[in-house]
Amino acid sequence: AGCAVESCWGFSWTACLYVFTGLGGSLLSATLSLPQQLSVGASGAVHGLMAAVAAGNAGEPRWPAAVRDTATGGWSALLGWRGMLAILMVSLLAGLVSPGVDSWAHIGGAAAGFAVAAARKRSGAGYRRICWRGFTILIALGFCGTCLYLIGCYDCFDRPGQVVDVLI
């Protein structure tokens, strides 16, 4: 997913996407996981890359010609946004049923990936695009502010721990 995003968006946008999705995953994990739970790795950022690919509109992110050329028959669908959305959903569901997996980081990274993709969206007139980006940034700031407040507030709420514990 990372190579496809970088080939379409360029290094700077891809680096921003990776950093913001990693931070989004870590922030949600720190907010909702129990204090004794350990969360390490880049899986939140990887889920953010997959979400950005899945959020791409028609032709964006455009997969590299070399990848498209190697796909034949029904495999070409797996290289588009629908295939990446399916892979993302399977990965999120697999994390939910696996003990010890920090699904909050995966969910937070994916949400941040969708948000960055929405903020970068090129369609629409100039005014509409600015409003869309502003709205996306306001939602992201609200999310970050809420998470930071809840991290610092020890008696405000009971942290749910693992996502599986919430669903059961």
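Provided above is the structure to which this section pertains.
Reference entry: report on the structure contained in this document.

Rules used in this analysis
Residues numbered from 1 in each chain as written. Predicted model: local features only at pLDDT ≥ 70, side-chain atom pairs only at ≥ 80, totals over all residues. Heavy atoms only, no water. 1 Å grid on protein atoms, 1.4 Å probe; cavity = no way out; pocket = protein on both sides within 12 Å on 5 of 7 lines; lining within 4 Å. Points joined across faces, edges and corners; volume = space filled by probe spheres on them. Helix = DSSP H or I, 4+ residues; strand = E, 2+ residues; numbered from the N terminus.

1. Concerning the layout of surface pockets
Quantified by volume, the largest pocket comes out at close to 610 Å³. In terms of lining, the largest pocket is formed by 24 residues, of which the most central are Phe 20, Ala 112, Ala 115, Val 116 and Ala 140. Of all the secondary-structure elements, those providing two or more residues to the lining of the largest pocket are helix H2 (11-32), helix H6 (103-120) and helix H7 (126-152). Considered as a void within the structure, the second largest pocket measures approximately 320 Å³ in volume. Forming the walls of the second largest pocket are 23 residues, and the residues nearest its centre are Ser 29, Ser 39, Val 40, Asp 102 and Ala 105. Where the lining of the second largest pocket is concerned, the elements lending two or more residues are H2, helix H3 (43-54) and H6. The leading source of residues in the lining of the second largest pocket is H2, at 5 residues.

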